[in-house]
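Next come the chains, spelled out residue by residue.
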Amino acid sequence: TQSTWGLFQMKRLAVLLLLSAIVYGIIESIELEGKITDTDCLKNLTQAVYVRGYMGIGKVDPYLKENIKLLEQAKIAFSAYFIPCPKCGNPRKQANDFMDVFGKSGKRFFVHVISGQWGDDVLANRDFISNLTAEFKTRTNIAGIVSNAFHWEKVLGKDYEYYAANRMWYIDPDKDPSCKDFVPYGGWKIPFKKLYSTNNNVCGINANYVSVCNARNESFLDTTY
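Residues numbered from 1 in each chain as written. Predicted model: local features only at pLDDT ≥ 70, side-chain atom pairs only at ≥ 80, totals over all residues. Heavy atoms only, no water.

**A few points about the nonpolar core**
In step 1: Leu42, Phe98, Ile129, Phe136 and Trp152 are the most contacted members of the largest nonpolar core, which totals 46 residues.
In step 2: Once residues within four sequence positions are removed from consideration, Trp152 is found in contact with Val113, Ile145, Ser147, Gly157, Tyr160, Tyr163, Tyr185, Gly186 and Trp188.
In step 3: Within the second largest apolar cluster, eleven residues are counted, among which are Phe110, Ile114, Phe192 and Leu195. (Core = buried A, V, L, I, M, F, W, Y, C linked by side-chain atoms within 4.5 Å. Buried < 20%, exposed > 50% of the residue type's maximum accessible area, 1.4 Å probe, protein only. Contact = heavy atoms within 4.5 Å.)

What follows is the structure, encoded as structure tokens:
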């Protein structure tokens, strides 16, 4: 009957949602922008949090230190993402200003490579990101990348594969956590994660949703994230 078929479809949808939660986590990871106010909410909602460490206006996020303290107290896995300010110059100072406040070593910081935040000079952009990420290494930190084929080509050039061994999230805010739509770029054949939904209100704070695509032979919840 129609009602039986409808019930079957509802049960099928519930199973699919459950399987999705098992594979991806409730929200596998989230990028946060702003001041954290409810860590209990975050702990129930996600497995890992990436706080904004540096802003594209050339300043350390004013909530960084407090957010880190709250996440540590709540025992929530965390690291940071970094929105550079190429027009501000001095990438090594930007890296150090951020790391001075972050206060941790042995972490992976995800650098945003998004065309609107960078200049048009590809060679200058390559020099900037090279110095930025080299400075991370001085305190045993590692760089990850947040970008996609379009932004990468505009900012650093189609043939630039220097970071192909680093972890990378690709950006495609289609609200689908699956990674079947990935377009290879920058030497990456398989993405690590996907930033699939932007500007969500999560636990009273603006957040982007991130799903895991490929953990390779590493845990995606290791100490560096």
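Still more ground to cover, so stick around.
**Structural notes on the side chain of Glu28**
In step 1: In this fold, Glu28 is placed in strand β1 (residues 27–33).
In step 2: Side chain to side chain, Glu28 and Ser29 meet in a polar contact 2.5 Å long. (Helix = DSSP H or I, 4+ residues; strand = E, 2+ residues; numbered from the N terminus. Polar contact = N/O pair within 3.5 Å; in protein donor to acceptor, adjacent residues only side chain to side chain.)

**A few points about the state of the cysteines**
In step 1: By the definition in use, this model includes three disulfides.
In step 2: Covalently, Cys85 is tied to Cys88 through a disulfide, its sulfur atoms 2.0 Å apart. As the torsion about the S-S bond is roughly 60°, the Cys85-Cys88 disulfide counts as right-handed.
In step 3: For Cys88, a relative accessible area of 42% translates into the label partly exposed.
In step 4: Between Cys179 and Cys213 runs a disulfide, and the two sulfur atoms are separated by 1.9 Å. One disulfide, between Cys179 and Cys213, carries an S-S torsion of -75° and so falls in the left-handed class. Residue Cys179 is found in the loop between β7 (168–171) and β8 (193–202), and its partner Cys213 is found in the segment after β9 (205–212); the two are separated by 34 residues along the sequence.
In step 5: Overall, the relative accessible area of 27% leaves Cys213 in the partly exposed class.
In step 6: Here the disulfide map of the protein reads 1-5, 2-3, 4-6, the bonded cysteines being numbered as they appear in the sequence. (Disulfide = S-S within 2.5 Å.)

**Observations concerning the pairing of β1**
In step 1: Most of β1 sits out of view: six of its seven residues are buried.
In step 2: Pairing between β1 and strand β2 (residues 46–55): five bridges, direction parallel. Within β2, the residue paired with Ser29 across the bridge is Ala48.
In step 3: Note on the crossover from β1 through helix α2 (residues 39–45) to β2: the handedness is right-handed.
In step 4: In terms of strand pairing, β1 meets β9 through five bridges, oriented antiparallel. Bridge pairing in β9 places Ser29 opposite Val210. (Pairing = 2+ DSSP bridges. Right-handed = clockwise from strand over helix to strand, strands pointing away.)

**Some words on the packing of helix α5 (residues 122–137) against helix α6 (residues 149–156)**
In step 1: The geometry of α5 relative to α6 is characterised by a closest axis approach of 7 Å and an angle of 100° between their N-to-C directions. By the angle between their directions, the pair α5 and α6 is classed as roughly perpendicular. For the pair α5 and α6, contact is made by Val122, Asn125, Arg126 and Ile129 and by Lys154, Val155 and Leu156, respectively.
In step 2: Looking at the contact of α5 with α6 residue by residue, the classes come out as four nonpolar, one polar and two charged. (Axes fitted to C-alpha atoms, helices over the stretch in contact; angles between N-to-C directions. Parallel < 35°, antiparallel > 145°, perpendicular 65-115°, else oblique. Nonpolar A, V, L, I, M, F, W, Y, C, P; charged D, E, K, R; others polar.)

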